[in-house]
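Residue-level listing of the chains:
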Amino acid sequence: MEKEKLIDAVDKRKTFAIISHPDAGKTTITEQLLLFGGVVRKAGTVKAKKSGSFAKSDWMEIEKKRGISVTSSVMQFDYAGKRINILDTPGHEDFSEDTYRTLMAVDSAVMVIDSAKGIEPQTKKLFQVCKMRGIPIFTFINKMDRDGREPLDLVTELEDVLGIQAYPMNWPIGMGKGLKGIYDIFNKRIELYRREDKAESFVKLDGNGEIIGKHPLKEESIYQQVLGEVELLKDAGNNFDTKKISSGKQTPVFFGSALTNFGVKTFLDAYLQFAPSPNEHRTETNDIVKPVDDVFSGFVFKIQANMNPNHRDRIAFVRICSGKFERGMDVMLARGSKKMRLSNSTQFMADTRETLDYAVAGDIIGLYDTGNFQIGDTIYSGKKAIQFEKLPQFTPEIFVKVTAKNVMKQKSFHKGIDQLVQEGAIQLYKSYSTGDYVLGAVGQLQFEVFQFRMLNEYHSEVVMTPMGKKIARWIEPDQLDEKMSTSRNLLVKDRQGQPLFLFENEFSERWFQDKYPDVKLTAKL
Ligand code: G4P
């Protein structure tokens, strides 16, 4: 009975991320989905960004200020008998590392594309990560209420640039001011365009795919044109192939307008039908952990401090990979084989938090953390040790020296640095010779967020001195001689005390290697 309950619960889970280039409409579509789930009651909070009320998924102060989503947020809701977990990902390229890790915690991805812009750089980058993992991707081509590129052109670009088969589930009838609706190939109907305040309106199609009886749309030339295009897709396009979809080789494509909530529900319904339930996960020892296994297991893919300034806390985000979670359960932390009790947990309904008592594989839970967790940690119940495969990590490329402006306030400075560094978006190093703190990141914006949060959350004003781009290379401690360090290759140690050089450029790295041919330099985090 217990087992059946677990199988049933796991099967209901749909855990996905929405990926897109900034401004394609990810926040808007997320909001519409939350609306269907009854989580938010008012659409258009994104539009209200400027007027001072903000999207639920935009948590932090800095996001409000800059109008971008900086951190991944998790939202859970029930819809059509399914339990949906959406993992929001920051679109800004400086935050791609966080995004990459988030993509390790999902079973599928929804790719939002701006119909006027097509495939943009960040879409491409994120798509590659999904492709590498072979996760199913569903495409939503957005902003059909605006003039954009020809649908055929967009679908061709999708196939050519991303190297994936596209299968249009529906096809727009016009665009911009001339948008009449979508020709729904999959559901064999036409969905007439209406503004968000009106009820849905469908027109049935006959066996030949034409409108039954009289209808004003039949008189429009765009209708005939769409019939021709749909015919062409049937003859020359790909066949719908669920196997290819589930292995990420084919993407179902939907058209719509997130802003006017047009085509979003049609998308969601089809998506839920074909999106996979929770996946298996591979361990470092090559064992497969199945979601319906009895033992509980999961991994930490993100740590965030002070999600809510009123709470002053740190949360470790855990993707459950198998079994069920119950509040108060005892687990092992794989790193260091430490036993711990999970008594303080939360689930995510955007910015409202509820204490969580029960969750199963596929769900994302938040564990209040007092410094026990690191990104990539595995936790498990049961006797057999489980350690999931490593999460992708990126070596920092730009660096700054950081000091507290007010030397009297060292305590809050150190506390802030310590906590923010543990979240994993920035790396902390200490200079061997001077003891200076050096921060490393993949993108400049991460430093700005750091500075802002230090001030806002820890009341510590920091001074950052840019050091520019560097190449970080680790060295075996027993090969180290402090004399090797020059102004071109600063010697620092990481948080684990491991020594590394920050080379000015490739030239200085080569110079070093020529001078010390026996010294092994490695690129890692
Ligand atoms: P993002 O999270 O992917 O970055 O995009 P977001 O949802 O914030 O949307 C970016 C802009 O595009 C917003 O305009 C939003 O209203 C608009 N948008 C989203 N979906 C649609 C759509 O279907 N049709 C149209 N016409 N617009 C859409 P904004 O609030 O004016 O912000 P901004 O672009 O001035 O920053």
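Here the structure is a predicted model, which means the values were calculated and not measured. (Residues numbered from 1 in each chain as written. Predicted model: local features only at pLDDT ≥ 70, side-chain atom pairs only at ≥ 80, totals over all residues.)

The next point concerns the overall build of the protein. When its secondary structure is counted, the protein shows 12 helices and 31 strands. Burial statistics for the protein: of 525 residues in total, 46% are counted as buried. For the protein, restricting intrachain contacts to residue pairs at least 6 apart in sequence, the fraction spanning at least 24 positions comes to 68%. (Helix = DSSP H or I, 4+ residues; strand = E, 2+ residues; numbered from the N terminus. Buried ≥ 20, exposed ≤ 12 C-beta atoms within 10 Å, placed from the backbone. Contact = placed C-beta atoms within 7 Å.)

Most of strand β1 (residues 13-20) sits inside the fold, with 8 of its 8 residues counted as buried. The alternating pattern of β1 places Arg13, Thr15, Ala17 and Ile19 on one face and Lys14, Phe16, Ile18 and Ser20 on the opposite face, and all of these are buried. Both β1 and strand β3 (residues 82-88) contribute to a ladder of 6 bridges, which runs parallel. By the bridge assignment, Lys14 is partnered in β3 with Ile84. The sheet contact formed by β1 and strand β4 (residues 108-114) spans 5 bridges and is parallel. Paired with Phe16 across the bridge in β4 is Ser108. (Pairing = 2+ DSSP bridges.)

Turning next to the nonpolar core. Judged by nonpolar contacts, the single largest core of 95 residues is most densely connected at Ala109 and Val318. If you tally residues by element for this core, the top one is strand β15 (residues 314-322), at 6 residues. Looking at which domains feed residues into this core, each of domain 1 (3-274) and domain 2 (281-380) supplies at least three. Look past the residues within four positions of Val318 in its chain and what remains in contact with it is Gly298, Phe299, Val300, Ile364, Ile365, Leu367 and Ile379. Counting 31 residues, the second largest nonpolar core, distinct from the first, contains Phe399, Ile426, Ala472 and Phe501. (Core = buried A, V, L, I, M, F, W, Y, C linked by C-beta atoms within 7 Å. Domains from an automatic or database assignment.)

Turning to the sheet that holds strand β10 (residues 202-204), a few remarks are in order. An order of β7-β8-β9-β10 is seen for the 4 strands of this open sheet, with the pairing classed as antiparallel. Pairing within the sheet leaves two strands with one partner each, and these edge strands are β7 (170-173) and β10. Taking each pair of neighbouring strands and ignoring which way they run, the sheet shows an average axis angle of 25°. For strand β8 (residues 181-184) and strand β9 (residues 189-192), the ladder comprises 4 bridges, and the chain directions are antiparallel. Among the inter-strand pairings, Tyr183 is bridged to a residue of β9, identified as Ile190. (Axes fitted to C-alpha atoms, helices over the stretch in contact; angles between N-to-C directions.)

A few words on the sheet that holds strand β30 (residues 499-503). One open sheet holds the 8 strands; their spatial order is β27-β24-β26-β25-β29-β30-β28-β31, and the pairing between them is antiparallel. Each having just a single partner strand, β27 (462-469) and β31 (521-522) make up the two edges of the open sheet. Sheet analysis places strand β29 (residues 489-493) next to β30, joined by 5 bridges and oriented antiparallel. Bridge pairing links Leu491 to Phe501 in β30. Here helix α10 (residues 410-422) sits on the sheet and contacts β24 (398-404), β25 (427-431), β26 (437-441) and β27; the angle it forms with β25, its principal contact strand, is near 130°.

With that settled, the discussion passes to unusual backbone geometry. The phi angle at Asn261 is positive, at roughly 55°, despite the residue not being glycine. Looking at where Asn261 falls in the secondary structure, it is placed in the loop between β11 (250-255) and α9 (264-274). Although it is not a glycine, Ser337 sits at a positive phi angle of roughly 45°. Relative to the helices and strands, Ser337 is located in the loop between β17 (329-333) and β18 (338-342). Residue classification places Ser337 among the exposed positions, given that 8 C-beta atoms sit within 10 Å.

Moving on to the packing of α10 against helix α11 (residues 444-458). For the pair α10 and α11, interaxial distance at closest approach is 10 Å and the crossing angle is 125°. Compared by their axis directions, α10 and α11 come out oblique. Between α10 and α11 the crossing geometry is right-handed. Touching Ser412, Lys415, Gly416 and Leu420 of α10 are Phe450, Arg453, Met454, Glu457 and Tyr458, all from α11. Tallied by class, the residues present in the contact of α10 with α11 amount to 4 nonpolar, 2 polar and 3 charged. (Parallel < 35°, antiparallel > 145°, perpendicular 65-115°, else oblique. Left-handed = near helix turned anticlockwise from the far one by under 90°. Nonpolar A, V, L, I, M, F, W, Y, C, P; charged D, E, K, R; others polar.)

Here the focus is the packing of helix α2 (residues 26-36) against α9. α9 packs onto α2 with a crossing angle of 75° between their chain directions and a minimal axis gap of 10 Å. Between α2 and α9, the interaxial angle falls into the category roughly perpendicular. Contact residues: α2 offers Ile29, Gln32, Leu33 and Phe36, while α9 offers Val264, Lys265 and Leu268. The residue inventory of the contact of α2 with α9, partitioned by class, reads 5 nonpolar, 1 polar and 1 charged.

In this sheet, β26 lies alongside β24 in antiparallel orientation, the contact comprising 5 bridges. By the bridge assignment for β26, Lys401 is matched with Val438. Inspection of the sheet shows β24 paired to β27 by 7 bridges, in the antiparallel sense. Pairing of Val400 across the sheet is with Pro466, part of β27.

It is worth spelling out the environment of Leu272 at this point. By secondary structure assignment, the location of Leu272 is in helix α9. The spatial distance from the C-alpha of Leu272 to the C-alpha of Tyr79 is 9.4 Å, given a sequence separation of 193 residues. Once residues within four sequence positions are removed from consideration, Leu272 is found in contact with Lys14, Ala80 and Lys82.

Our next topic: helix α6 (residues 151-162). Compared with the 16 Å implied by 1.5 Å per residue over 12 residues, the 16 Å span of α6 between its first and last C-alpha is a close match. By the burial criterion, the buried members of α6 are Pro151, Leu154, Val155, Leu158 and Leu162. Angular distribution of buried residues about the axis of α6 spans 95°; they occupy a single face of the element. Opposite its buried face, α6 presents the exposed residues Asp153 and Asp160, each directed more than 90 degrees away. (Expected span 1.5 Å × (residues − 1). Arc of directions from axis to C-beta.)

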